Amino acid sequence: MDNDAKLISFWDLIMETQVVIPIIQRDYAQGRTDPKSTAIRELFLEKIKDTLTNNRSELKLDFIYGQVTDGVFEPLDGQQRLTTLFLLHWYFAVKDSLTDEQKKLLNFSYLTRESARLFCERLVNWSYHPSADSHAPSKQIKNQTWFVHAWLQDPTVCAMLVMIDAIHETFKDTNAAFKDLHRIKFYKLDMKNYGATDDLYIKMNARGKPLTNFENLKASLSQFLYSHKEVELAEELMENIDNKWSKELFWKYKHDDTFDDFAYNLFRLIFICEALLKLDSKNDDTAKTIIDAYLYTDMRKQEMITVDVISVLQETINGLSNTSVLQILTNDVIRHFYGHSSDFKDLVNQTKISYAQLLRFFAIYKIAVRNNDQELMHQKLRITRNLINDIAEYNLNNASDLINALHSLNTFINEWNSLNPDKMLSMFNQSPFQDIVLDNEKLKLSRILEDENWKNPIYEAENHPYFKGQIGMILELAHNDNAYEIKAFEHYYKILDMMFNEDGLNQKITGQEFLIERAWLAFGKKGDISEQYLLPEGHNHSFLEANGRDTSWKRLMRGDKEQYQLFINFIRDHFSDDNFHPSIDNLKNKLNKKIDEFLADQHNQQDWRYYMIKFPEIIARCEKRYIRWIDQYNILLLRARQTNGYHDEYYSYAQHLTWKERGQYHPGNSIDDWKYIEINGYNIAYDHRIGEFVKILDPQEDKFEQFDPNEYETFPSDGFIWTPPKPEAEP
């Protein structure tokens, strides 16, 4: 310790000299109400409370620098702690009715603002006695005649009022007393021997940096363990942080020559996951509060910090620091484990983490602890990645789903100790993961264990940026004569890899011509929409999009919809030929051929699908890719998901396209509105009730006439399109 430094209490300091906060100092900040200041305030008061109420020997608050001039001590660094100690001594002096001690506090003052100086002076002279059931002291202070309301414009005075209330809330129900405050000490360093000046202060203040969140957390965890008499664990934790973990793990994920953010978030996420494991699915609100806990004080309030959890933290980070684990975490085979994050560092460094990312982090650190069997560890990571990717798409809707998934993954990771597919499946009894996904994981593992030649093809397909582990459809395509064929698997993967990229359908193939959508529609059966590939959502059906729980291409390929078999049959029927060489041109040729064959068949002209297949503009018209299919006579093309926005009637819009967009098309914004073509003085609409085109007499009313045959000559030579014949109504 520096020979010039003196260990002293606040009371000793003001008994030997006056203390004045110089004008160069910034405003008092520990009473501010922003989250960081609140956390610092709560943590500081908790440390003091622990010292005063648990009979700790003393609490040391580090250095306070300053100089004594003409009997006045002016702090250059430490004014925040000194101000809090002043308010703390005032509170206990009035609480214990110690009038003389209260008056002695006049030796502390502020020069930063006249309002702050006067406030401190009048506060000390105020006769006040707080009690456990009294209102917030600040409210009573502001009601005093001596309190000038203009002082509320002074941030130092406002911060002092907040701190006084916080002190009252912290100590009102305790047995702490003024006599105990001497145990709070700091090292006072007089800078007179160093030629301290305002210039020196400015330099010191510019160089000085506030403690990072991680430095605060480290100190808090140490104090917590010592207060619970866990001395050995505390020393081991500090040694690991300062040496082993810093060298082996933290520095690998540093940013701007510091790893504090990474280390802090790593600790925080472990605390969050371990706290969630203690909940059941009914604790939805508690789970949300735990996930939002960011600062140490928040975590303490939620009882997330315990000796047992800190022991888990030790075990976990020891596991993550293992060299073989670090190699696995960067292995190309599981590079897509991290979801939208690019790597483990990016996954950890998220202030607001999604449920799916939390599951990914949980799986990684739980598996890392059990790293004796590298192949088992690798398979656990691969399987959990695929399960999490699936549940994130379809079944991870709330905190209850998250808790159920955490418990299920925890059981699997802890208890699956051998590469046995059947035993793997038994780990997920009553789990939130879907049977179809679990069955696919069992099937893939079985193939790998039976023949290592399956490894690379399966791993490559799983790592496809769109499929993300969901490759059951490729395995089914490769299943022939009761056997799975690697050659067939590789063939079909090449085709699907060309059809789909990270963004869904490969636009080099489908493009603005919507080749894939139209060809697939042509492959469906004549009749009801349930015979087509389009997936339902509410009252609508979708041409499918890249993402979305119910209406994505990925959902079609998942295998839990009746349209799935249509997908399988289409691929097999068109691309199973051994002579078919997968290329973009060959794929486009196949799709165009299917479309051309459908349109060339005259029997299809009265099929309701005909114009969707003929005109790519119809699919383009459905901006969100939805149609409202009520029956084959009543089909709406939607711009959005609902019919209260602009939308078109299918057959009248197809007629408009047939006439090469001559005239003007009028959409509707209600299901009952006429949607019609204005051309050559006529308003022409398709009336689904009679299955014919009609003349609208008034677009605002339900009045129409059928055409006279002689009138047809009035319209373009293309004539009227064919529409599905409407059966005659029964008498």
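Our subject in this report is the structure included herewith. (Residues numbered from 1 in each chain as written. Predicted model: local features only at pLDDT ≥ 70, side-chain atom pairs only at ≥ 80, totals over all residues. Heavy atoms only, no water.)

1. So, the sheet that holds strand β20 (residues 703-705)
Reasoning step 1: The five strands are arranged β16-β17-β18-β19-β20 in an open sheet whose pairing can be described as antiparallel. Both outer strands of the open sheet, β16 (664-666) and β20, are each paired with one neighbouring strand and no more. With strand direction ignored, the average angle separating the axes of adjacent strands in the sheet is 40 degrees.
Reasoning step 2: Inspection of the sheet shows strand β19 (residues 692-698) paired to β20 by three bridges, in the antiparallel sense. Across the sheet, residue aspartate 698 finds its bridge partner in β20, namely lysine 703.
Reasoning step 3: Contacts from helix α31 (residues 650-658) reach β16, β17 (676-679), β18 (682-687) and β19, with the element oriented near 170 degrees to β16. (Pairing = 2+ DSSP bridges. Helix = DSSP H or I, 4+ residues; strand = E, 2+ residues; numbered from the N terminus. Axes fitted to C-alpha atoms, helices over the stretch in contact; angles between N-to-C directions. Contact = heavy atoms within 4.5 Å.)

2. Quick word on the sheet that holds strand β15 (residues 647-649)
Reasoning step 1: With antiparallel pairing, five strands are arranged side by side in an open sheet as β11-β12-β13-β14-β15. Each having just a single partner strand, β11 (535-537) and β15 make up the two edges of the open sheet. Taking the axes of each pair of neighbouring strands and ignoring which way they run, one obtains an average angle of 35 degrees across the sheet.
Reasoning step 2: Packed on one face of the sheet, α31 meets β14 (634-638) and β15 and runs near 85 degrees to β15.

3. Side note on the packing of aromatic side chains
To describe a pair of aromatic rings, one takes the distance between the centres and the angle between the planes.
Reasoning step 1: Tallied over the full model, the rule gives 63 aromatic pairs.
Reasoning step 2: Relative to phenylalanine 500, the ring of tyrosine 466 has its centre 5.7 Å away and its plane inclined at 0 degrees; by these criteria the two rings are stacked. Of this pair, tyrosine 466 sits in the loop between α22 (455-462) and α23 (472-477) while phenylalanine 500 sits in strand β9 (residues 500-501); the two residues are 34 residues apart in sequence, bridging distant segments of the chain. Phenylalanine 500 shares its class with tyrosine 466; the two are buried.
Reasoning step 3: Taken together, a centroid distance of 5.0 Å and an interplanar angle of 80 degrees make the contact between tyrosine 610 and tyrosine 611 edge-to-face. Grouping residues by exposure puts tyrosine 610 and tyrosine 611 together as buried.
Reasoning step 4: Ring-pair connections join several aromatic residues into one group, and the members of that group are Phe214, Trp245, Phe250, Trp251, Tyr253, Phe259, Phe262, Phe267, Phe344, Phe361, Phe362 and Tyr365.
Reasoning step 5: Across the ring face of tyrosine 466, the terminal group of lysine 554 is positioned such that the distance to the ring centre comes to 4.6 Å. (Phe/Tyr/Trp six-rings, centres within 6.5 Å; stacked < 30°, edge-to-face > 60°. Buried < 20%, exposed > 50% of the residue type's maximum accessible area, 1.4 Å probe, protein only. Lys NZ or Arg CZ within 6 Å of the ring centre and 35° of its normal.)

4. Comments concerning the packing of helix α18 (residues 374-394) against helix α21 (residues 435-450)
Reasoning step 1: For the pair α18 and α21, interaxial distance at closest approach is 10 Å and the crossing angle is 155 degrees. When the axis of α18 is compared with that of α21, the two are roughly antiparallel. Where α18 crosses over α21, the handedness of that crossing is right-handed. Contacts from Gln379, Arg382, Ile383, Asn386, Leu387 and Asp390 of α18 reach α21 at Val437, Leu438, Glu441, Lys444, Leu445 and Ile448.
Reasoning step 2: For the contact of α18 with α21, a count of residues per class yields six nonpolar, two polar and four charged. (Parallel < 35°, antiparallel > 145°, perpendicular 65-115°, else oblique. Left-handed = near helix turned anticlockwise from the far one by under 90°. Nonpolar A, V, L, I, M, F, W, Y, C, P; charged D, E, K, R; others polar.)

5. Things to note about the environment of valine 68
Reasoning step 1: Secondary-structure assignment places valine 68 in strand β3 (residues 59-69).
Reasoning step 2: Given a relative accessible area of 31%, valine 68 falls into the partly exposed group.
Reasoning step 3: As for valine 68 and glutamine 18, which are separated by 50 residues in sequence, their C-alpha atoms are 9.1 Å apart.

6. Here's the deal with the pattern of salt bridges
Reasoning step 1: One pass over the full model with this rule turns up 37 salt bridges.
Reasoning step 2: The closest approach of N and O atoms between arginine 385 and glutamate 462, which form a salt bridge, is 3.0 Å. One end of the pair, arginine 385, is in helix α18; the other, glutamate 462, is in helix α22, with 77 residues separating them in the sequence.
Reasoning step 3: For arginine 385, a relative accessible area of 1% puts it in the buried group.
Reasoning step 4: A residue is classified by how much of its surface remains accessible, and glutamate 462, at 0% relative accessible area, is buried.
Reasoning step 5: Between glutamate 513 and arginine 518 there is a salt bridge; the shortest N-O distance is 3.9 Å. (Salt bridge = Lys/Arg side-chain N within 4 Å of Asp/Glu carboxyl O.)

7. Observations regarding unusual backbone geometry
Reasoning step 1: Within the chain, aspartate 481 stands out as a residue other than glycine whose phi angle is a positive 50 degrees.
Reasoning step 2: Structurally, aspartate 481 can be placed in the loop between β7 (479-480) and β8 (483-484).
Reasoning step 3: Here aspartate 481 falls in the exposed class, since its relative accessible area comes to 75%.
Reasoning step 4: For asparagine 482, which is not glycine, the phi torsion reads 65 degrees and is therefore positive.
Reasoning step 5: Position of asparagine 482 among the secondary structure elements: in the loop between β7 and β8.

8. So, the side chain of threonine 84
Reasoning step 1: One can find threonine 84 in helix α3 (residues 79-95).
Reasoning step 2: Reaching out from threonine 84, the side chain makes a polar contact with the side chain of glutamine 30 at a distance of 2.5 Å.
Reasoning step 3: When sequence neighbours within four positions are dropped, the list of residues in contact with threonine 84 reads Tyr28, Gln30, Phe44, Met163 and Ile167. (Polar contact = N/O pair within 3.5 Å; in protein donor to acceptor, adjacent residues only side chain to side chain.)

9. Focus: the pairing of strand β4 (residues 72-77)
Reasoning step 1: Relative to β4, strand β2 (residues 18-21) runs parallel, the two being bridged by two bridges. Within the sheet, the bridge partner assigned to glutamine 18 lies in β4 and is valine 72.
Reasoning step 2: Taken together, β3 and the strand that follows it, β4, pair antiparallel across an intervening segment of two residues, in which aspartate 70 is found at a positive phi of about 55 degrees.

10. Brief notes about the side chain of aspartate 180
Reasoning step 1: With respect to the element layout, aspartate 180 can be found in the loop between α7 (155-171) and β6 (184-190).
Reasoning step 2: Using a relative accessible area of 10% as the deciding quantity, one classes aspartate 180 as buried.
Reasoning step 3: Looking at aspartate 180, its side chain comes within polar contact range of the main-chain nitrogen of alanine 177, at 2.9 Å.
Reasoning step 4: Here the side chain of aspartate 180 touches lysine 179 through a polar contact of 3.4 Å, side chain to side chain.
Reasoning step 5: Filtering out sequence-adjacent residues up to four positions away, aspartate 180 remains in contact with Leu52 and Asn175.

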